[in-house]
Amino acid sequence: MSNKPDGWGQRLPGLPDGPVSGDAGSDATALTGISRRHFLQATGFAFIGSMMLGCSAVSEEEALPYLEQPEGVIAGRSDLYATTCGSCSAGCGMLARSRDGRPVKLEGNPDHPLSKGGLCTVGQASLLGLYDSHRLRTPIVDGKPGEWASIDRAMNDRLRSLRSGRGRVRYLSTPVTSPNKRARIDEFLATFADSRLVQTDPGFHLPIAEAHGLTHGVASVPRYHFDRAEVIVGVDADFLGTWISPVEFTAAWSSRRRGDDLDRGFSEHIQFESRMSTTGTKADRRLRIAPGERVVVLNQLLFHLNRLAHRSPGPIVSRAVDSVSEPELAAVAARLWEHGSNSLVVCGAEDLQAQILCNAINEILGGYGETIDLGQPAHQMGGDERELSALMDEIAKGRVDALFIDGLNPVLDFPGGSELVARLEALPLVVSFAAYEDETSVHAVFICPDHHYLESWSDSESIAGITSFTQPIVSPLGSTRQVEESLAAWTTGTVVSARDQVLEKIGRASCRERV
């Protein structure tokens, strides 16, 4: 039985029967219908034509000067404006270069106390989002463009019935690091009998705050001082790449690696990780482990530290690690113990037990108050996965009357997003503040697009006690509106500009001195 496919050996249509006689040029002409001479002629004409187009005169454009030129403004000369990056919750300081009223380049602000002149690639590329042609230019109502005045009337009518009927309102958001925005959200939700703010970051589900709530009674993410650490041990924590606030951590980590202060010496960095990361490539020693060995590695480090401290190990028992030898683990523990409170251990595992063990190690070393600061916590990771799970359960059971979605795309980012589509369609009111018609916002009754952060007034407190401000570099390119202004309109019935909100919150005189 033949295994050849159907049509095997059949001659293609248009080819002559039998061999083609003549030279190679005749063969090509017979197959294509174009001779070599004609092909070279066409190529030459195309080349000459392209050269002639390049020599043509440039079209003239009119450049009209200012009728009344603003003071300090010179056409073609760029200016720098200090602001805060809004591409993530880290809140890095930024200098925006603007030319002729349009921002053209973003760089880090060297005077910012956290980022110290650094800016990640995401922050630098966020300028492209300002000019993205797919951004919504107007609000959307039931899939059609609308106007803010009509949207405010319709929203206030619906919200009035929710307030009188004790409606259940939920606000789903990324971690809110802006004090002014948090105040506006709290004021808005306070007008309802049953309301709650749920914060989450789909990129990070680290139970660091939950672990500190269990071990230290403070359910917060601490601030890590890599610049104070003489020995750093990372366990699958890519703090130079993507972990929590990489720009801040990179500036602090590198300050002990460049030799800026020789009296303090250089730090030593040991990295345990299951995959190659940016942080692992920069470590003095990189020890490969399996993903399931993170808890075991931390357990062994704690076991050896208990022995060095002459403490009872309690429930901590020695457990074998296949990827790393026991002498290597004992040597790492000895280095940590040698430097004591000037040591720092961080863990990037999405595992509560691993984070508890990491806290116990830092507690034995005396790192709290030195390399770890719980008194000045970080706000970049304010989410609680238990609250998110409770919200998803409420939506599934039809116990939510209104859902406001800010900065998230749950249908795309959350597990079981396809099941969430039907549940969103069943909710009486869904409001999205997305800048695009994404997988979630297309199912919203109202899409109220937020400004790009380069069009916004805001403030940021990513670390407790350190506040930086965001000022607009360009006027809004469309008919969008900042979330804080929308919430004010739906709370008091009056649209209060975000600029006035920020100035009122911090004091106008203080703002003039600090911006």
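Keep in mind that what you see is a predicted model, and the values were worked out from it rather than measured.

A. Main features of the pattern of salt bridges. As enumerated under the stated definition, the model contains 21 salt bridges in all. Across the salt bridge formed by R182 and D186, the nearest N and O atoms sit 3.2 Å from each other. On the criterion of helical spacing, the pair formed by R182 and D186 is a turn pair, its members being 4 residues apart in helix α6 (residues 179-189). Under the relative-accessibility criterion, R182 is labelled partly exposed at 33%. Two residues, R335 and E338, come together in a salt bridge whose shortest N-O distance is 2.9 Å. Taken together, the residues span about one helical turn, with R335 and E338 both in helix α11 (residues 326-339) at a distance of 3 residues. A relative accessible area of 53% means that E338 is categorised as exposed. Each of R170, D194, R196 and E394 takes part in a single network of salt bridges with overlapping partners.

B. The arrangement of the pairing of strand β14 (residues 402-406) in detail. With respect to burial, β14 is a largely interior element, 5 of its 5 residues being buried. Residues A402, F404 and D406 point to one face of β14 and L403 and I405 to the other, with burial holding for every one of them. Judged from the 5 bridges that link them, strand β6 (residues 168-173) and β14 form a sheet pairing that is parallel. If you follow V169 over to β14, its bridge partner there is A402. In terms of strand pairing, β14 meets strand β15 (residues 429-432) through 4 bridges, oriented parallel. Across the sheet, the residue bridging to F404 is V431, located in β15.

C. Region of interest: the pairing of strand β12 (residues 343-347). Across the 5 residues that make up β12, a large majority, 5, are buried. Judged by which residues are buried, β12 turns out to be covered on both faces: S343, V345 and C347 on one side and L344 and V346 on the other are all buried. Bridge analysis of strand β9 (residues 231-235) against β12 gives 5 bridges, and the strand direction is parallel. Bridge assignment links I232 to a residue of β12, and that residue is L344.

D. Here's a closer look at the nonpolar core. Among the nonpolar cores identified, the biggest contains 29 residues, and V233 and F272 are the most heavily contacted of them. Counting residues per element, this core draws most heavily on helix α10 (residues 294-308), which supplies 7 residues. For F272, the contacting residues outside a window of four places in its chain are V233, G234, V235, D236, L287, I289, V297, V324, L329 and V332. If you look at the next biggest cluster of nonpolar residues, it comprises 26 residues, including F226, A252, W253 and L374.

E. View of the environment of A283. Structurally, A283 is set in the loop between α9 (278-282) and β11 (285-288). When its relative accessible area of 16% is taken as the criterion, A283 is described as buried. In this view, A283 contacts H269 and Q271; residues no more than four positions away in its chain are not counted.

F. Seen up close, the sheet that holds strand β1 (residues 78-84). Read from one edge of the open sheet, 3 strands run β1-β2-β3, paired in antiparallel fashion. The sheet is open, and its two edges are formed by β1 and β3 (102-108), each paired on a single side. This sheet shows a mean twist of 30 degrees between the axes of neighbouring strands, independent of strand direction. As paired elements, strand β2 (residues 93-99) and β3 share 6 bridges and run antiparallel to each other. Within the sheet, the bridge partner assigned to M94 lies in β3 and is G108.

G. Here's a closer look at the sheet that holds strand β10 (residues 268-273). Taken together, the 4 strands give an open sheet; going across it, the order is β11-β10-β9-β12, and neighbouring strands pair in parallel fashion. Of all the strands in the sheet, just β11 and β12 have a single pairing partner and so form its edges. The mean angle between the axes of side-by-side strands here comes to 10 degrees, regardless of whether they run parallel or antiparallel. Pairing between β10 and β11: 4 bridges, direction parallel.

H. Molecular detail of helix α7 (residues 208-215). The complete set of buried residues in α7 reads I208, A209, A211 and H212. Burial along α7 is one-sided: seen end-on, the buried residues are contained in an arc of 160 degrees. The inward-facing, buried residues of α7 contact β8 (221-224), α12 (352-365) and β13 (372-378). After α7 finishes, the residue G217 shows a positive phi value of roughly 75 degrees.

I. Seen up close, unusual backbone geometry. Of note in this structure, D100 is not a glycine but carries a positive phi near 55 degrees. Tracing the sequence through the fold places D100 in the loop between β2 and β3. Since its relative accessible area comes to 52%, D100 is described here as exposed. A positive phi angle is found at H310, which is not glycine, with a value near 55 degrees. Turning to its location among the elements, H310 is positioned in the loop between α10 and α11. Since its relative accessible area comes to 75%, H310 is described here as exposed.

Reading guide: rules and limits
- Residues numbered from 1 in each chain as written.
- Predicted model: local features only at pLDDT ≥ 70, side-chain atom pairs only at ≥ 80, totals over all residues.
- Heavy atoms only, no water.
- Salt bridge = Lys/Arg side-chain N within 4 Å of Asp/Glu carboxyl O.
- Helix = DSSP H or I, 4+ residues; strand = E, 2+ residues; numbered from the N terminus.
- Buried < 20%, exposed > 50% of the residue type's maximum accessible area, 1.4 Å probe, protein only.
- Pairing = 2+ DSSP bridges.
- Core = buried A, V, L, I, M, F, W, Y, C linked by side-chain atoms within 4.5 Å.
- Contact = heavy atoms within 4.5 Å.
- Axes fitted to C-alpha atoms, helices over the stretch in contact; angles between N-to-C directions.
- Arc of directions from axis to C-beta.

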